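Structural description and commentary
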Amino acid sequence: MKFLSLPHPVLCATVLVFVAVYGGVVLPAVWSRRPTRRHAALRVLTELLGVLRSRRKR
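The text that follows walks through the structure, step by step, so that each part is easy to find. Residue positions are counted from 1 within each chain, in the order its sequence is given. Under the rules for a predicted model, residues below a pLDDT of 70 receive no local features and side-chain atom pairs below 80 are neither given nor counted, while totals for whole chains, interfaces and linings still include all residues. The side-chain figures draw on all heavy atoms in the structure; neither hydrogens nor water molecules are used.

1. Describing the overall build of the chain
The number of helices and strands found in the chain is 2 helices and 0 strands. Considering the chain as a whole, with its 58 residues, one finds that 10% of them fall into the buried category. Roughly 5,500 Å² of accessible area belongs to the chain as shown, and the carbon and sulfur atoms make up 67% of that amount. Numbering goes from the N terminus for both helices and strands, where a helix is a DSSP run of H or I of at least four residues and a strand is a run of E of at least two. Note on classification: 1.4 Å probe, protein chains only; a residue is buried when its accessible area is under 20% of the maximum for its type, exposed when over 50%, partly exposed between these limits. Under the convention used here, a 1.4 Å probe and the Shrake-Rupley method define accessible areas, while residue burial counts only the protein chains that appear.

Okay, structure coming up:
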């Protein structure tokens, strides 16, 4: 329940970032008909996940 006790600006910012990444990177990586766009979105997604993984190891 800690997640629900976050202040509204923090919660809104988190949701906004998630929607932006999901709509701007994940969906094009999966559903684009253009191979170039899919490849570029997949590279960005790989870099983002790499940063998240390196932060978790700390």
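2. Details of a nonpolar patch on the surface
Taken together, the side chains of Val15, Phe18, Val19 and Tyr22 make up a nonpolar region of the molecular surface, amounting to roughly 400 Å² of accessible area. Note on placement: Tyr22 falls in helix α1 (residues 8-31). Exposure above 30% relative accessible area and no salt bridge define the residues that can form patches, which grow by joining like charges within 9 Å and nonpolar side chains of Val, Leu, Ile, Met, Phe, Trp and Tyr within 5 Å. Any carboxyl oxygen of Asp or Glu that lies within 4 Å of a side-chain nitrogen of Lys or Arg is treated as forming a salt bridge with it.

3. Side note on α1
The span expected for a helix works out to 1.5 Å for each residue beyond the first. For α1, which comprises 24 residues, the first-to-last C-alpha distance of 32 Å matches the rise-based estimate of 34 Å (1.5 Å per residue) to within 8%. Of all the bends in α1, the largest measures some 35° and sits at Tyr22. The angle between axes fitted to the seven-residue stretch ending at a residue and the seven-residue stretch beginning at it gives the bend at that residue.

4. Details of the side chain of Ser32
With respect to the helices and strands, the residue Ser32 is situated in the loop between α1 and α2 (35-57). Under the rule applied, a polar contact is a pair of N or O atoms within 3.5 Å (in protein, one hydrogen donor and one hydrogen acceptor; residues adjacent in sequence only if both atoms are side-chain atoms). Separated by 3.2 Å, the side chain of Ser32 and the backbone nitrogen of Arg34 make a polar contact.

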